[in-house]
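# Coordinate analysis (summary)
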Amino acid sequence: MPTPSMEDYIEQIYLLIDTKGYARVSDIADALSVHPSSVTKMVQKLDKDEYLVYERYRGLVLTLKGQRVGQRLVARHDLLERFLSVMGVKEENIYNDVEGIEHHLSWDSINRIADLIEFFEEDPARMAELKEINERNKE
Ligand code: CO
């Protein structure tokens, strides 16, 4: 299992490759607000653990294992954003809150949260009730 920090890197590398077609050390450093030397170090570890293949002059490519994990992490991130959004959390708080919690929940919790989203989304009356409570408790 990748550590939380490895997960952050795999998630960002997956997103960069998905959106730009490639992931350079400098892009990863920008995305995670870390020094490029930290990226190089982590990329070497991810290479050793077979999440990606890193060649200094050709850049990096996710292995099948890296792609699978990356896809799962991005799906988890999206699910948690949906969760906070359904719960009525303000848009501006959602991304950072998800980055803060995503590595610390078991897949059991993630799957139960998915059920809860379904519970609300399948019934507009329930959603409306929750919105009412949100309004009532808004500061
Ligand atoms: Co994330």
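Criteria and cut-off values
Residues numbered from 1 in each chain as written. Predicted model: local features only at pLDDT ≥ 70, side-chain atom pairs only at ≥ 80, totals over all residues. Heavy atoms only, no water. Domains from an automatic or database assignment. Contact = heavy atoms within 4.5 Å. Buried area = accessible area lost by both parts, 1.4 Å probe. Salt bridge = Lys/Arg side-chain N within 4 Å of Asp/Glu carboxyl O. Polar contact = N/O pair within 3.5 Å; in protein donor to acceptor, adjacent residues only side chain to side chain. Helix = DSSP H or I, 4+ residues; strand = E, 2+ residues; numbered from the N terminus. Nonpolar A, V, L, I, M, F, W, Y, C, P; charged D, E, K, R; others polar. Donors = N, O, S within 2.8 Å, 3.2 Å for Na, K, Ca; no water. Tetrahedral: all angles 85-135°; square planar, octahedral: opposite > 155°, others 65-115°. Buried < 20%, exposed > 50% of the residue type's maximum accessible area, 1.4 Å probe, protein only. UniProt positions renumbered as here; feature names shortened; annotations may be inferred.

### Focus on the domain arrangement of the chain
By the assigned domains, the chain splits into domain 1 (4–69) and domain 2 (73–137). Contacts between the two partners involve nine residues from domain 1, matched on the other side by nine residues from domain 2. For the pair domain 1 and domain 2, the summed buried surface comes to about 740 Å²; carbon and sulfur atoms form 53% of the total. Remark: the boundary between domain 1 and domain 2 carries one salt bridge. Here Arg76 ties to Glu7 by a salt bridge, and the two come within 2.8 Å at their closest N and O atoms. The interface formed by domain 1 and domain 2 contains five residue pairs in polar contact (both at pLDDT 80 or more). Of all the elements, helix α1 (residues 4–20) adds the most residues to the side of domain 1 that touches domain 2, at eight residues. Looking at side-chain class alone, the side of domain 1 that touches domain 2 contains five nonpolar, one polar and three charged residues.

### Brief notes about the coordination of the cobalt ion
Those protein atoms acting as donors to the cobalt ion are Glu11 (OE), Glu11 (OE), His77 (ND1), Glu99 (OE), Glu102 (OE) and Glu102 (OE), and they sit at 2.0 to 2.6 Å. Coordination geometry of the cobalt ion: the six donor atoms subtend angles of 54 to 145° at the metal centre, consistent with an arrangement described as irregular. Classification of Glu11 as buried rests on a relative accessible area of 2%.

### Some details on the UniProt feature "binding site: Mn(2+) 2" (unreviewed entry) in the chain
UniProt records the feature "binding site: Mn(2+) 2" (unreviewed entry) at Glu11, His77, Glu99 and Glu102, using the numbering of this structure. Over a stretch of 92 residues, the named residues converge on one spot in the fold, their C-alpha atoms separated by at most 11.1 Å. You can see Glu11 is positioned in helix α1. Excluding anything up to four places from it in sequence, Glu11 contacts Leu73, Val74, His77, Glu99, Glu102 and His103.

### Focus: the side chain of His77
If you trace the backbone, His77 turns up in helix α4 (residues 64–86). We classify His77 as buried; its relative accessible area is 5%. At a separation of 2.8 Å, a polar atom in the side chain of His77 contacts the side chain of Glu81. Ignoring anything within four residues of it in the chain, the contact list for His77 reads Glu11, Tyr95, Val98, Glu99 and Glu102.

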